[in-house]
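Read off the chains here:
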Amino acid sequence: MASSLESNKIAAAVLSAGVVAMLSGFVAELLYEPHVELEENSYVIAASEGGTETAMVAEEPTLEPIAPLLAAADPASGEKVAKKCTACHSFDEGGPNKVGPNLYDLVNRPIASHEGFSYSDALAGMSGDTWTYENLNAFLAKPKDFAPGTKMSFAGLSKVGDRADLVAWLRTLSGSPAALPE
């Protein structure tokens, strides 16, 4: 007798579970109608003109210029910021090249022009340009963005004030410092 009672309990449990599952399906269908047609698109994806691929162009953040900050920049603070650079660069007149070139008299010097240093192809390809204040600003912000393929592993200085202070200090490292921009 006990076995038939156990079989009835099992059968009732299976039937109850089936009824609960079926009712859940009906309730879910009432709450969610998957076949509703939209009158207009929820959002529009712009496609490029030549095909079906989408063009996602991110607007590049602009780099804040340092020229207006140089007049008030603190070369002493820039010298402290330059401590990060001393492992790879020397700053003394006639100083040796290290992993990176000597940076004495750098402002307005042609890019990739220091004697005795083997520059990466990225910087050697820019040898017609000079280290202007804004070029130094861009390079110090993100060297790999300024010169893709550069061997310099430094990530960059994110604070524009630190870059201005450093460039102001680099400007003082010259027998005749470059004029400040107007």
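What you see is a predicted model; the values in this text were computed from it and never measured. (Residues numbered from 1 in each chain as written. Predicted model: local features only at pLDDT ≥ 70, side-chain atom pairs only at ≥ 80, totals over all residues. Heavy atoms only, no water.)

Colleague: Help me understand the overall build of the protein chain in this model?
Modeller: Per the secondary structure count, the protein chain includes 7 helices and 0 strands. In the protein chain, the succession of α and β elements from N to C terminus is α-α-α-α-α-α-α. Taking the contacts inside the protein chain whose residues are at least 6 apart along the sequence as the reference set, 48% of them involve residues at least 24 apart. Element-wise, carbon and sulfur atoms account for 58% of the exposed surface of the protein chain, whose accessible area totals about 12900 Å². (Helix = DSSP H or I, 4+ residues; strand = E, 2+ residues; numbered from the N terminus. Contact = heavy atoms within 4.5 Å. Areas by Shrake-Rupley, 256 points an atom, 1.4 Å probe, with all protein chains shown as cover.)

Colleague: Sorry if this is basic, but what is going on with unusual backbone geometry here?
Modeller: Peptide bonds are trans in most cases, and residues, glycine excluded, mostly fall at negative phi. A positive phi angle, near 60°, is found at Asp105, a position not held by glycine. Among the secondary structure elements, Asp105 is positioned in the loop between helix 3 (75-81) and helix 4 (121-124). A positive phi angle is found at Asn108, which is not glycine, with a value near 70°. Looking at where Asn108 falls in the secondary structure, it is placed in the loop between helix 3 and helix 4.

Colleague: Looking at this structure, how should I read the nonpolar core?
Modeller: General note: in soluble globular proteins, nonpolar side chains tend to be found buried as a group. Residues Phe91, Leu123, Trp131, Leu166 and Leu170 are the most contacted members of the largest nonpolar core, which totals 33 residues. When contributions to this core are tallied by element, the ones reaching two or more residues are helix 4, helix 5 (133-141) and helix 7 (160-172). Contacts of Leu123, omitting those with residues within four sequence positions, involve Ile111, Ala112, Trp131, Phe139, Ala147 and Thr150. (Core = buried A, V, L, I, M, F, W, Y, C linked by side-chain atoms within 4.5 Å. Buried < 20%, exposed > 50% of the residue type's maximum accessible area, 1.4 Å probe, protein only.)

Colleague: Quick question: what am I supposed to make of a nonpolar patch on the surface here?
Modeller: Together, Val19, Met22, Leu23 and Phe26 line one region of the surface with nonpolar side chains, adding up to about 390 Å² of accessible area. Here Phe26 is to be found in helix 1 (residues 2-31). (Patch = residues over 30% accessible without salt bridge, like charges linked within 9 Å, V, L, I, M, F, W, Y side chains within 5 Å. Salt bridge = Lys/Arg side-chain N within 4 Å of Asp/Glu carboxyl O.)

Colleague: I would appreciate a short explanation of the side chain of Asn102 in the present structure.
Modeller: For Asn102, the location among the structural elements is in the loop between helix 3 and helix 4. Here Tyr104 takes part through its backbone nitrogen, which lies 2.7 Å from a polar atom of the side chain of Asn102. (Polar contact = N/O pair within 3.5 Å; in protein donor to acceptor, adjacent residues only side chain to side chain.)

Colleague: Is there a simple way to think about the packing of aromatic side chains in this case?
Modeller: What characterises a pair of aromatic rings is the spacing of the ring centres plus the angle enclosed by the ring planes. Using the criterion set out here, one finds 5 aromatic pairs in the structure. Measuring from centroid to centroid gives 5.8 Å for Phe139 and Phe146, while their planes differ by 80°, and the two rings are edge-to-face. (Phe/Tyr/Trp six-rings, centres within 6.5 Å; stacked < 30°, edge-to-face > 60°.)

Colleague: I tried to follow the packing of helix 5 against helix 7 on my own but got confused; where do I start?
Modeller: Between two packed helices, what matters for the description is the angle formed by their axes and the separation of those axes. The N-to-C vectors of helix 5 and helix 7 enclose an angle of 130°; their axes lie 10 Å apart at closest approach. One finds that helix 5 runs oblique with respect to helix 7. For the crossing formed where helix 5 meets helix 7, the hand is right-handed. Facing Tyr133, Leu136, Asn137, Leu140 and Ala141 of helix 5, the residues of helix 7 in contact are Arg163, Leu166, Val167 and Arg171. (Axes fitted to C-alpha atoms, helices over the stretch in contact; angles between N-to-C directions. Parallel < 35°, antiparallel > 145°, perpendicular 65-115°, else oblique. Left-handed = near helix turned anticlockwise from the far one by under 90°.)

Colleague: Help me out: how do you make sense of helix 7 in this one?
Modeller: Residues separated by three or four positions in an α-helix point in the same direction, a consequence of the helix having 3.6 residues per turn. Between the first and last C-alpha of helix 7 there are 19 Å, a value that for 13 residues agrees with the 18 Å anticipated at 1.5 Å per step. Taken as a whole, helix 7 has its buried residues at Val160, Arg163, Ala164, Asp165, Leu166, Val167, Ala168, Trp169 and Leu170. The inward-facing, buried residues of helix 7 contact helix 2 (67-70), helix 3 and helix 5. (Expected span 1.5 Å × (residues − 1).)

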